[in-house]
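Structural features, examined
Spelled out from the first residue to the last, the chains are:
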Amino acid sequence: MSGNVRPETMERITTKALADKFIEEQVAKVRAMVGDRKVLLALSGGVDSSVVAALLIKAIGKQLVCVHVNHGLMRKGESEQVIEVFKNRLDANLIYIDATDRFLDKLANVADPERKRKIIGGEFIEVFNEEAKKLDGISFLAQGTIYPDILESDGVKAHHNVGGLPEDMKLELVEPVKLLFKDEVRVVGSALGLPDEMVYRQPFPGPGLGVRCLGAITRDRLHALREADAILREEFDNAGLAGKVWQYFIAVPDVKSVGVKDCKRYEGWPAIIRAVNTTDAMSATIEEIPYSLLHKITDRITGEVDGINRVLYDLTPKPVGTIEWE
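Residues numbered from 1 in each chain as written. Predicted model: local features only at pLDDT ≥ 70, side-chain atom pairs only at ≥ 80, totals over all residues. Heavy atoms only, no water.

What to know about the overall build of the protein
Along the backbone of the protein there are 10 helices and 10 strands. For 326 residues, the compact-globule formula gives about 20 Å, and the C-alpha radius of gyration of the protein, at 21 Å, lands near that figure. Considering only C-alpha atoms, the protein reaches an extent of 70 × 40 × 35 Å along its principal axes. Across the protein, the fraction of contacts at a sequence separation of at least 24, relative to all contacts at a separation of at least 6, is 76%. (Helix = DSSP H or I, 4+ residues; strand = E, 2+ residues; numbered from the N terminus. Rg over C-alpha atoms; globule rule 2.2 N^0.38 Å. Contact = heavy atoms within 4.5 Å.)

Laid out in structure tokens, this is it:
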């Protein structure tokens, strides 16, 4: 499995037995490649980096140094889950950095989506670089590159993987799942014992909630978005939709909405539900959510989340609308 071209003879990994065989092969290759040296990994908590982390922990243990940067744009409970799974359960060599204030200060008053993406991506590299420079004896950089990333390597996903590391580091890449498709990565993750909520985590953009808190990000609106999104995910789980809908989330625009609270008018924000199905993310259809569930979600969000006083449902397929709002 050398090079970046998936061999036509390579069997698709669809069962635990095939995943176990793949894991055994990769563990041997990583050990032969790395020897007694150290590997650095940016652990986002996403499916790909989490599976790579678990695989490398199995192969080289504490020789893997995981760095998790919380940019303040994670969904509710995600950084806590990374710490619980990797530090507490897998005893990983994990460095946790809470850079929330640093990111949100840089993003203050920035409304343009592309500028937001560049700031988030650039700042992530800066934070990661600063931590990397503090470490001695790092010879390799591990990345959660998967096969679609290679097929789409035109800059579209540039923010997903760490780039721009200092020239003097001269790190070799370790990319053990680079020839796998996303569904195969999930099978491998399950075989490695990662929890289902991590393995079957829905796709999440590199800039996180930064592209779902539309326009210039404010801390109060970001908090409302995070809480509303958590309610949506909880209700989808309870309704058995988590495994049936490819991606579902809340977006909160920088638009005021007039509502009523305690018999008085007040200004809040609308929360927009987006729920889509797709096979390749090039096109997407709208999931038809039962009205009873939409009513329940609406009641919970407007009743439990400060600042949200309307809930809208996005009925736009792709095309014409992209999956994300920004």
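Quick word on the packing of helix H1 (residues 16-34) against helix H2 (residues 47-60)
Two elements in contact, H1 and H2, have axes separated by 9 Å at closest approach and are oriented at 65°. Between H1 and H2 lies a crossing of right-handed hand. Here Ile-23, Gln-26, Val-27, Val-30, Arg-31 and Val-34 of H1 lie close against H2, whose contacting residues are Leu-55, Leu-56, Lys-58, Ala-59 and Ile-60. Counted by class, the contact of H1 with H2 contains 8 nonpolar, 1 polar and 2 charged residues. (Axes fitted to C-alpha atoms, helices over the stretch in contact; angles between N-to-C directions. Left-handed = near helix turned anticlockwise from the far one by under 90°. Nonpolar A, V, L, I, M, F, W, Y, C, P; charged D, E, K, R; others polar.)

Here we look at helix H7 (residues 182-191)
Most of H7 is tucked away: 7 of the 10 residues are buried. Taken residue by residue, H7 has Glu-184, Val-185, Arg-186, Val-187, Val-188, Gly-189 and Ala-191 as its buried positions. Buried residues belonging to H7 abut H1, H2 and helix H8 (196-199). Just beyond H7, the residue with positive phi is Gly-193, at close to 90°. (Buried < 20%, exposed > 50% of the residue type's maximum accessible area, 1.4 Å probe, protein only.)

Section: the sheet that holds strand E1 (residues 38-42)
Pairing is parallel across the open sheet formed by 5 strands, whose spatial order is E3-E2-E1-E4-E5. Every interior strand has two partners, whereas the edge strands, strand E3 (93-98) and strand E5 (172-174), have only one. This sheet shows a mean twist of 30° between the axes of neighbouring strands, independent of strand direction. Across 4 bridges, the pairing between E1 and strand E2 (residues 64-70) is parallel. Residue Ala-42 lies in a different strand from E2, and its bridge partner there is Val-67. Packed on one face of the sheet, helix H3 (residues 78-89) meets E2 and E3 and runs near 165° to E3. (Pairing = 2+ DSSP bridges.)

Regarding the packing of aromatic side chains
In total, this model carries 3 aromatic pairs according to the counting rule given. Ring geometry for Phe-124 and Phe-128: centres 6.2 Å apart, planes at 10°, overall stacked. Remark: Phe-128 and Phe-124 occur in helix H5 (residues 113-134); sequence separation between them is 4 residues, near one turn of the helix. Taking the relative accessible area as the measure of exposure, Phe-128 reaches 1% and is therefore buried. Above the face of the Phe-204 ring, Arg-75 is positioned so that its terminal group lies 4.1 Å from the ring centre. (Phe/Tyr/Trp six-rings, centres within 6.5 Å; stacked < 30°, edge-to-face > 60°. Lys NZ or Arg CZ within 6 Å of the ring centre and 35° of its normal.)

What to know about the side chain of Glu-123
The topology assignment puts Glu-123 in helix H5. Overall, the relative accessible area of 5% leaves Glu-123 in the buried class. With sequence-adjacent residues up to four places away left out, Glu-123 is seen in contact with Arg-102, Phe-103 and Lys-106.

As for the nonpolar core
The biggest cluster of nonpolar side chains holds 47 residues, and the ones touching the most others in it are Leu-40, Leu-222, Phe-236, Ile-250, Ile-301 and Ile-308. Ranked by the residues each element gives to this core, the list is headed by helix H9 (residues 219-238), at 7 residues. Grouped together as the second largest cluster of nonpolar side chains are 45 residues, Val-27, Ile-146, Val-187 and Met-198 included. (Core = buried A, V, L, I, M, F, W, Y, C linked by side-chain atoms within 4.5 Å.)

Quick word on the environment of Val-110
Relative to the helices and strands, Val-110 resides in the loop between helix H4 (100-107) and H5. Sequence separation between Val-110 and Gly-215 is 105 residues; the distance between their C-alpha atoms is 7.2 Å. For Val-110, the residues in contact, after removing those within four places along its chain, are Arg-115, Lys-116, Ile-119, Gly-215, Ala-216 and Ile-217.

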